[in-house]
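What follows is the residue order along each chain.
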Amino acid sequence: MKTSNPVLARLGQAAERERAAGYAPSGPYGQPGYPQQAPPQAGYPGAPGFPSAPPAVTPMSIDDVVVKTVTLLAIVGVAAAAAWALVPDELLGVAWIGAAIVGLVLGLIISFSRMANPALVVAYAVVEGVLVGAVSKFFESLYDGIVLQAATATFGVFFVMAMLYRARVIRATPKFVKGMIAVMAGLFAVMLINLVLALFGVNTGLRDGSPLAIGFSIVCIVVASLSFILSFKEVEDGVRMGLPQRYSWVAAFGILVSLIWLYIEMLRLLSYFQGDD
């Protein structure tokens, strides 16, 4: 099963190497995608007196991804609550920028790695939890109730996109996937450049509440919402490709990235319409 997603393609190649090394999804003999050998008999490999065959690998399922996603969200929530309670107001900016940089590095390593590493994904969730906690505390101190509004809007968009994908209203065609990857890469570059310029006191107008900033946040929200379609496609393709169960951590990571991005952009957009108290 081929996929147009480059990250998932690399994961598929890694799974193929595992199967070539003697690992295969567990299941009934003779089933498609399962070991094609007869049950071991006396005098043959697998029977008493012969070395054990490599252990079977359980393929990932949608339920695995759901469980891993909920787990990562719980970790983010705990880390965010800890950051909210423990980081003093005068250090929120330091925690915000530091967590953003560390999260960026971990995110790039996870995205371009050829192996699924649950420890790295969990570490990413912890760091992003600190980011979410610092950002949320800052905005809540300025606009009472904005965190609840942003969280509600974020999960509302997520469930709407899930329903649209399930109903095939929005399809992850190869052109859609390539276009989304190009747009997200462009937005990432713009945001990174804007962040660097902001650190040197240069205001580009993308984050100051101006009409340009509002338009930019709306674009980011639309792209972040559509990125869920890529994540759902990754899950669907991963299950069909028979990737090992641990790759569900990578699929859950993709969903988490989109959720956090969408949440922060929701906070920004809502803050633009709050006005000064």
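Fair warning: this is a prediction, and the values are worked out from it, not measured in the lab.

**Focus on the packing of aromatic side chains**
Counting across every chain of the model gives 9 aromatic pairs. Aromatic side chains Tyr-124 and Phe-253 sit 5.0 Å apart centroid to centroid with 75° between the ring planes, which places their arrangement in the edge-to-face category. Of the two residues, Tyr-124 is situated in helix H4 (residues 118-142) and Phe-253 in helix H8 (residues 248-272); the sequence distance between them amounts to 129 residues. Assigned by exposure class, Tyr-124 and Phe-253 land together as buried. On the numbers, 5.4 Å between centres and 70° between planes, the contact of Phe-158 with Phe-159 is edge-to-face. Looking at Phe-158, the relative accessible area reads 15%, which means it is buried. Every member of this aromatic cluster is reached through a ring pair, and the members are Phe-158, Phe-159, Tyr-165, Phe-228 and Phe-232. The cationic tip of Arg-168 hangs over the ring face of Tyr-165; the distance from NZ or CZ to the ring centre is 4.9 Å.

**So, the UniProt feature "transmembrane region" (unreviewed entry) in the protein chain**
The UniProt record annotates "transmembrane region" (unreviewed entry) at residues 65-87, 93-112, 119-139, 145-165, 177-200, 212-235 and 247-264. Along residues 65-87 one finds 96% helix and 0% strand; the C-alpha atoms at either end are 32 Å apart. Summarising residues 145-165: 95% helix, 0% strand, and an end-to-end C-alpha distance of 31 Å.

**Some details on the environment of Phe-232**
For Phe-232, the position within the fold is in helix H7 (residues 211-241). Since its relative accessible area comes to 12%, Phe-232 is described here as buried. On a C-alpha basis, the gap between Phe-232 and Ala-172 in space is 8.8 Å, while along the polypeptide they are 60 residues apart.

**Description of the pattern of salt bridges**
Using the criterion set out here, one finds 5 salt bridges in the structure. As a salt-bridge pair, Asp-89 and Lys-137 come within 3.4 Å of each other at their nearest N and O atoms. In this pair, Asp-89 is assigned in the loop between helix H2 (62-86) and helix H3 (92-112) and Lys-137 in helix H4, connecting sequence segments 48 residues apart. On the accessibility criterion, Lys-137 (15% relative accessible area) is buried. Put simply, Arg-168 and Glu-236 hold a salt bridge, and the shortest N to O gap is 2.7 Å.

**Notes on the side chain of Glu-140**
Its place among the elements puts Glu-140 in helix H4. No salt bridge is formed by the buried Glu-140; the nearest opposite charge belongs to Lys-137, separated by 12 Å. At 3.2 Å, the side chain of Glu-140 and the backbone nitrogen of Val-147 are in polar contact. For Glu-140, the contacting residues outside a window of four places in its chain are Trp-84, Gly-145, Ile-146 and Val-147.

**Observations concerning the nonpolar core**
Counting residues in each nonpolar core, the largest one holds 64 residues, and the members touching the most others are Ile-229 and Leu-267. Counting residues per element, this core draws most heavily on H8, at 17 residues. Sequence-distant contacts of Leu-267, defined by excluding residues within four places in its chain, comprise Val-135, Ser-136, Phe-139, Ile-146, Val-147 and Ala-150. Counting residues in hydrophobic clusters, the runner-up holds 5 residues, among them Ala-83, Val-87, Ala-95 and Ala-134.

**Topic: H2**
In an α-helix, one turn spans 3.6 residues; hence positions three or four apart end up facing the same way. Across its 25 residues, H2 extends 36 Å between first and last C-alpha, which sits within 8% of the 36 Å expected from 1.5 Å per residue. Looking only at H2, the buried set comprises Asp-64, Val-65, Lys-68, Thr-69, Leu-72, Val-76, Ala-79, Ala-80 and Ala-83. Looking at the buried side of H2, the elements it contacts are H4, H7 and H8.

**Description of H4**
In this model H4 runs 36 Å from its N-terminal to its C-terminal C-alpha over 25 residues, within 8% of the 36 Å that 1.5 Å per residue would give. Of the residues that open H4, the one with a side-chain oxygen 3.1 Å from the backbone nitrogen of Ala-119 is Asn-117.

Calculation notes
Residues numbered from 1 in each chain as written. Predicted model: local features only at pLDDT ≥ 70, side-chain atom pairs only at ≥ 80, totals over all residues. Heavy atoms only, no water. Phe/Tyr/Trp six-rings, centres within 6.5 Å; stacked < 30°, edge-to-face > 60°. Helix = DSSP H or I, 4+ residues; strand = E, 2+ residues; numbered from the N terminus. Buried < 20%, exposed > 50% of the residue type's maximum accessible area, 1.4 Å probe, protein only. Lys NZ or Arg CZ within 6 Å of the ring centre and 35° of its normal. UniProt positions renumbered as here; feature names shortened; annotations may be inferred. Salt bridge = Lys/Arg side-chain N within 4 Å of Asp/Glu carboxyl O. Lys, Arg positive; Asp, Glu negative; His and termini not counted. Polar contact = N/O pair within 3.5 Å; in protein donor to acceptor, adjacent residues only side chain to side chain. Contact = heavy atoms within 4.5 Å. Core = buried A, V, L, I, M, F, W, Y, C linked by side-chain atoms within 4.5 Å. Expected span 1.5 Å × (residues − 1).

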